[in-house]
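Summary of structural features
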Amino acid sequence: MAENTGEVKMTPTLGLTGLTMNAMALIAPGVFLWLTFFIQATTGQTGPSMWLGIFLALLLCLATAVAYAELSKLYPGPGSSYFFAEQSFLNHEKAWKYARLSKFIVGWGSHLYYWIYPGVMVGVTGIFVGYVVGTLWPNSMSASNPGPIFMGLVAVVFSLGVAYIAHRGVNGSTGVNIAINVIQISALIVFSVMALGYRMNHPPGSVAFQFDPTSGEAYTYEFATTSQMVNGTATDVIVRDANMVPQPKLDASRKPVPYHVDYPYYDSTGTFQSHPDAKSVIAPHKWGWVFVQATVAILILVGFESCTALGGEAKNAKRDIPIAVILSLLIQGAFCYLFEYFATCYFLNSGYTMASAAGSAAPIGDMMIMTGDALFGQGHGRAFMLVEAVTVFLALIGTTLSCLNTGARVTYAMGKDQEVPEHFGILHEKNLSPHRAIWTLAIISCFIGVIAVSMAFGDAAAPADTAIQGLPHGLLSSFGYTTHDKMAAMPNSLLTITLASNFGTFILYCLSCVICMVAYHKHPKFNMLKHFLIPLFGVLANLGCMAFYLIGPFMGYGTAKEPLLAIGIAAVWAIYGGIYFMRSSKQAGRTTLVTSRT
């Protein structure tokens, strides 16, 4: 591997389209509608407020996007918030002494987001591939509950494969992202329209489909059941043939009883099932639930700021990066996500409830099978789902690629400043990529991805004992599944890792809004709305979401173990950062406060 002996600099090659597409690839509705719906469904009883939680997270992100856009006008360059923090304080009349301290805090805090986020992506890729494999070969793998070891192996291979693409350089990455964005947006809009059509064409009481997670198919008849003893308890179990196909319940004339759909709000146990009307989808229900959903939904919206890390590779950074930041968020967040999540939440019905979504590795895939069967005929829904799954996998490549590129460039900027080990600040001589940061982040992502899938069906997502007993037996397919009660007592590893990444996001976005206010304080171009009021809203919104990690569990909103564990991870990272900063400063003979404004 060739490395530079002198200084190798990045080459400006990206225009507005390339910058926007790189940011859009990281926001990626084609990935997160499919994958994050499951995570959001497992947050306890807060499911009814899913859509409004996304809207709240979108407002928070828009305020932060304005701050990033305004900062990139003043200080175009690589490093994103890390670079902005240094320049904002250095150019401030009184606060310049805190430039080094501020940029380290921002850079170190951003790594809680940028170093965990790719691990979340490779973890959910493992779940996604497990679902597809289980759909194609149900006798070897369960689509609803894939094997943790299999998912972990996929996460490792995927992380290393995407790192290789990132290592080759940003131009190749941009070309991949442009194609993927067009494909994923088109595919998910088609599905969303089909989901809305399904709901409107199946009023309450009409014959419709109900989904069977074991066979991975949808059926228009009631299932026959029989009483069996499961773990010492009499349980109604679906009667199946040798191929695991559920058998129909028969009426007095020995004909299958048609399945009649309904849209119940709750079941007899008080668990949310579906939305009775369109107004219920966008209603808050409880504002505490909205905040819980927002703390998860931030995962699907982050990434708009990624193009600010490409300042060294932009042809006209001052003009194009501010536009790309806002444009990417408006297209993917305000249009794609709000439309697609409304359609999927409105689709929920008695044949596929929110509880069904919480128990499946890929609820959107299940919905695609049902809508495909309804539109193309019984049995054709699986083919439709597999076609859509190909677009999702392409989007996964683009998303993981984009976040690897962004995270590595922040680490590269810190390496050049010797705030992290100096070798991270070296570019590959031929590809001009921060290859050491990329491969380090890839290895970290392997470990985080494996941890994320180790108990992805813990806590509220714990499968029933009948589902666990029905798993195909094997090291790759069933190892790691114990009993419902034991798994329900464990924290959900995927949700925990997701919330830890999101907590880092809230820290970074909050600090970025503060930096914007510092940068424009007494600046000739100061604007009260863009440089104070909007960033102030961003600060308060980010602080509010972080506070809900601690407040929510004690108020009974959502699950408790995962957000508290996420706070613990953030606390350990902060303590370690403080120790590292003091030790490295002492060893290098550097002062905490800047002594010169050079």
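Because the structure is a prediction, the values reported are computed rather than measured.

**A look at the nonpolar core**
Counting 169 residues, the largest nonpolar core has W34 and Y509 as the members making the most contacts within it. Looking at which element gives the most residues to this core, the answer is helix α18 (residues 493-520), with 16 residues. Membership of the second largest hydrophobic core comes to seven residues, among which are L90, A95, W96 and V518.

**What about the confidence of the model for the chain?**
With 92% of its residues at a pLDDT of at least 70, the chain reaches an overall mean of 86. Predicted confidence in the chain is weakest over strand β3 (residues 225-230), with a mean pLDDT of 73, and strongest over helix α9 (residues 278-282), with 96. Low confidence marks residues 1-5, where pLDDT is under 50. Its contacts with residues over four positions away, or in another chain, come to twelve contacts.

**Details of the packing of helix α7 (residues 148-167) against helix α15 (residues 435-454)**
Packing of α7 against α15 brings their axes to within 8 Å, and their N-to-C directions diverge by 165°. Considering their axes alone, α7 and α15 lie roughly antiparallel with respect to each other. Crossing geometry of α7 relative to α15 is assigned as right-handed. Here P148, M151, G152, A155, V156, S159, L160, A163, Y164, A166 and H167 of α7 come into contact with α15, specifically with H435, I438, W439, A442, I443, S445, C446, G449, V450, V453 and S454. Residues of the contact of α7 with α15, tallied by class, amount to 15 nonpolar, seven polar and no charged.

**Here we look at α7**
In this model, α7 (20 residues) spans 28 Å end to end at C-alpha, consistent with the 28 Å of a helix rising 1.5 Å per residue. For α7, the set of buried residues is P148, F150, M151, G152, V154, A155, F158, S159, V162, A163, A166 and H167.

**What about the environment of G130?**
Tracing the backbone through its elements, the reader meets G130 in helix α6 (residues 117-136). Accessibility expressed as a relative area gives 0% for G130, which makes it buried. Note: C-alpha distance between G130 and G147 (17 residues apart in sequence) is 7.4 Å. Other than its neighbours up to four places away in sequence, G130 contacts M141, S142, A143, P146 and F150.

Each value, and the rule that gives it
Residues numbered from 1 in each chain as written. Predicted model: local features only at pLDDT ≥ 70, side-chain atom pairs only at ≥ 80, totals over all residues. Heavy atoms only, no water. Core = buried A, V, L, I, M, F, W, Y, C linked by side-chain atoms within 4.5 Å. Buried < 20%, exposed > 50% of the residue type's maximum accessible area, 1.4 Å probe, protein only. Helix = DSSP H or I, 4+ residues; strand = E, 2+ residues; numbered from the N terminus. pLDDT = per-residue confidence, 0-100. Contact = heavy atoms within 4.5 Å. Axes fitted to C-alpha atoms, helices over the stretch in contact; angles between N-to-C directions. Parallel < 35°, antiparallel > 145°, perpendicular 65-115°, else oblique. Left-handed = near helix turned anticlockwise from the far one by under 90°. Nonpolar A, V, L, I, M, F, W, Y, C, P; charged D, E, K, R; others polar. Expected span 1.5 Å × (residues − 1).

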